[in-house]
Structures are given as structure tokens and as C-alpha cells.
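If you want the building blocks of each chain, they are given just below.
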Amino acid sequence: MSNFAFCVLGSGSSGNCSLLKTSDSKWSMIDAGFSMRQTKDRMRTHSLCMDDVGDLLLTHLDRDHFNPVWCRTLFNRGITVHLHERHVDRGIRAGLDHSILKPFTTSIEFESMQVETVHMAHDALGTIGFIFTHAECGTRFGFATDLGRVPQTLLRAFTSLDALAFESNYDPTMQRMSGRPAFLQERITSGSGHLSNEESLRAVKHISENSNLQHIVLLHLSRQCNSPTIIRDLYQDNLAHLYKHITITDQDRCSRLLQLEKQSTSLF
Ligand SMILES: [Zn+2]
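In this numbering scheme, every chain counts its residues from 1 along its sequence in written order. In keeping with the model being predicted, local features are shown solely for residues with a pLDDT of at least 70 and side-chain atom pairs are shown and tallied solely at 80 or more, while totals for entire chains, interfaces and linings include all residues. Hydrogens and water molecules were not included; the side-chain quantities draw on all heavy atoms of the structure.

**Some details on the overall build of the chain**
And then number 1: When helices and strands are counted, the chain shows eight helices and 14 strands.
And then number 2: Scaling as 2.2 N^0.38, a compact globule of 268 residues should have a C-alpha radius of gyration of about 18 Å, and the chain matches this with 17 Å.
And then number 3: Expressed along its principal axes, the backbone C-alpha trace of the chain runs to roughly 50 × 50 × 35 Å.
And then number 4: Note on exposure labels: buried denotes an accessible area under 20% of the residue type's maximum, exposed denotes more than 50%, and partly exposed covers the range between, all computed with a 1.4 Å probe on protein chains only. A burial count over the chain gives 57% of its 268 residues as buried.
And then number 5: The long-range fraction of contacts in the chain, counting pairs at least 24 apart against all pairs at least 6 apart in sequence, stands at 65%.
And then number 6: Under the convention used here, a 1.4 Å probe and the Shrake-Rupley method define accessible areas, while residue burial counts only the protein chains that appear. Counting every atom, the chain has about 11700 Å² of accessible surface; 48% of that belongs to carbon and sulfur.
And then number 7: One way to put it: in the chain the 27 positive side-chain charges average out to a point 3 Å from where the 29 negative ones average out. Segments assigned H or I by DSSP are reported as helices when at least four residues long, segments assigned E as strands when at least two residues long, and all are numbered from the N terminus. This radius of gyration counts C-alpha atoms alone. The globule rule is 2.2 Å times how many residues there are, raised to the power 0.38. By definition, residues are in contact when any of their heavy atoms lie within 4.5 Å. By the counting scheme adopted, Arg and Lys are positive, Glu and Asp are negative, and His together with the chain ends is not counted. For charged residues, the charge sits on one atom: NZ in Lys, CZ in Arg, CG in Asp, CD in Glu.

What follows is the structure, encoded as C-alpha cells:
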């Protein structure tokens, strides 16, 4: 196995957690929105356990991305929690101990990789996108979820990627027909909530034109207002050449383990 690999333990409004292998022996967790038991059970799918985790990176602190039951375990295990400086107060209110927090503004330093961050609109405090560049192989991986809209700063930063994990939250027709209260639909679709499949596809198309994407992992599908079939059809009809690269994540199941590698043929 290469020492840059990725899997999604589960993604959706009931919980989000992904794992990124960052060195021979360590993995970083991205978000911790499930219970301890669910997380450990799903980690076993890939023969992983909490001893393998050295860091936690948080996109934001909504309950589906950070479950406060983790606070004690993170502290006891001395797992470093990387969160945006705007999210620190909320993190402490949620119960995170100051001593394990490592706030960032625009980048995070790891031994094995460089991480650039992008701040995006989502509810009051916004959410964070990450671009991971592996120090040895130079492989670049972009990760963004819960973005109300796709900012130019993201499109400028998400270039020369080898792999991408990106939100594809809802189908607009299913959203309209959902019977959800108007205020909730407004919150989701207003530009500070979530991305529709079409908005996501447009961004993926743009990013793919400046990248050499081997994996496109689609995150945070709405259980009520989306379906993998709709997304597959959308890619078949609009981005057929990328269809074979897509992985559609599930709320209830762990994804396969994806090896992130730099391709020898570059667009540049
Ligand atoms: Zn979310």
C-alpha cells in the first residue's frame, strides 16, 4: 500500500468521518461525526484502529462533523486537533481541551505533507476545505464539503490535483418535492448551506480541467433529497470521461480504500 491513501467511513447529515494515510504508520482523521463505537467498527473494515490515528482535522463543528463524545478520547490519546482559528471558541464550548488544539489560518504543517486551507461559506462560521500535498511523491488531494457555494478562492487553490473529495448534496427537484419546511430548504439552497449535484458537477468539471483526477469521491449525499443513480446519470450525460473515476459515498457504509498516487502522465 502506498503511504498516501484515503477512505470515507461514512458521509451525510447523520455523520461524517474520513481517514487519510499520511505516513508509513500514521493516519489523520478528517471530521469525527460518528459515535466512538461506529467509528471503531467502520475502521475495522480496513484493519485500522485508533492507535493508527495521530491527528484530527476539522472542517467545522456542526454535530454531523464533530461529535463531542470524542473530547475525552482525543485528550487521553493526545491526538492533535487542527481547527480554524474561527472555530476555536466553539470547539472549547463543545468540550475540546485547549492543550490538544492547534488552530490554523491558511495552512497546516505536517512532517509528511503540506496542507493548504480554504475558508468557505456555510452557516455562521463557515467551513474549511483542504489541499493535501504529499512531501515525497507530490500527490495532491483536495477535500471540500458543506460549502454553500463554490468560491473562486477554492477553484484557484484546487488545481493540479490527483484526487478530489467533494460534496454533492442534493437534487433540486427532490429538494422541492421533499415536503421539507421552506426555512430548511432556504437554509440548504441559499448559498451558505450545501451544494446541489449540478453545482458540484460544474465545480468538478472546472477542477478536472486543471488537474489529472484519478479519483473523484462524492460526499454528503442527502438521504432524503438525492440518490446515487441521479448522480451516476448526471456524470454519464455530462462528464462521461470521468465516470470511471467516481466513488459515491454512503451514510451507512465505509468506502473502499483509495490509493492516492501521482500519475506519470501530467496535463502540464
Ligand atoms: Zn454536514
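The discussion continues.
**Notes on the pairing of strand β1 (residues 5-10)**
The two faces of the sheet receive side chains in turn, since in a regular strand these alternate between them.
And then number 1: Counting buried positions along β1 gives six out of six residues, so the element sits mostly inside the fold.
And then number 2: In this sheet, strand β2 (residues 17-21) lies alongside β1 in antiparallel orientation, the contact comprising five bridges. By the bridge assignment, Phe 6 is partnered in β2 with Leu 20.
And then number 3: Strands were regarded as paired on the criterion that DSSP finds at least two bridges between them. Counted along the chain from β1 to the antiparallel partner β2, the turn is six residues long, and its residue Gly 12 has a positive phi close to 160°.

**With respect to the coordination of the zinc ion**
And then number 1: Around the zinc ion, the donor atoms from the protein are Asp 64 (OD), His 65 (NE2), Asp 146 (OD) and His 220 (NE2), and they sit 2.1 to 2.2 Å away.
And then number 2: Donors, by definition, are the N, O and S atoms found within 2.8 Å of a metal, the threshold being 3.2 Å for Na, K and Ca, and water is not counted, so a site can look incomplete. Tetrahedral means four donors with every angle between 85 and 135 degrees, whereas square planar (four donors) and octahedral (six donors) require angles over 155 degrees between opposite donors and between 65 and 115 for all others; sites fitting neither are termed irregular. Around the zinc ion sit four donor atoms, and with donor-metal-donor angles ranging over 91 to 163° the site reads as irregular.
And then number 3: Going along the chain, you hit the donors of the zinc ion in the pattern D-H-x80-D-x73-H.
And then number 4: The exposure class of Asp 64 is buried, given its relative accessible area of 13%.

**Remarks on the pairing of β2**
And then number 1: In terms of residue burial, β2 counts as a mostly covered element, since five of its five residues are buried.
And then number 2: Going residue by residue along β2, you find Cys 17, Leu 19 and Lys 21 tucked away on one face and Ser 18 and Leu 20 tucked away on the opposite face as well.
And then number 3: Of the strand pairs in this sheet, β2 and strand β3 (residues 27-30) are connected by four bridges, and their pairing is antiparallel. Directly across from Leu 20, in β3, lies its bridge partner Ser 28.
And then number 4: Taking the residues between adjacent antiparallel strands as the criterion, β2 and β3 are bridged by five residues.

**Regarding the packing of aromatic side chains**
Ring pairs (aromatic) are described by centroid distance and by the angle formed between their planes.
And then number 1: Working definition: rings of Phe, Tyr and Trp (its six-membered ring) pair if their centres are within 6.5 Å, and the pair is stacked with planes under 30 degrees apart, edge-to-face with planes over 60 apart, and tilted otherwise. If you walk through the whole model with that rule in mind, you get five aromatic pairs.
And then number 2: Ring centres of Phe 104 and Phe 130 lie 6.2 Å apart, and the angle between their planes is 65°; on these two criteria the pair is classed as edge-to-face. Placement of Phe 104 in strand β6 (residues 101-104) and of Phe 130 in strand β9 (residues 127-134) is noted, with a sequence separation of 26 residues between them.
And then number 3: The class for Phe 104 is buried, based on a relative accessible area of 4%.
And then number 4: Residue Phe 130 is classed as buried on the basis of its relative accessible area of 0%.

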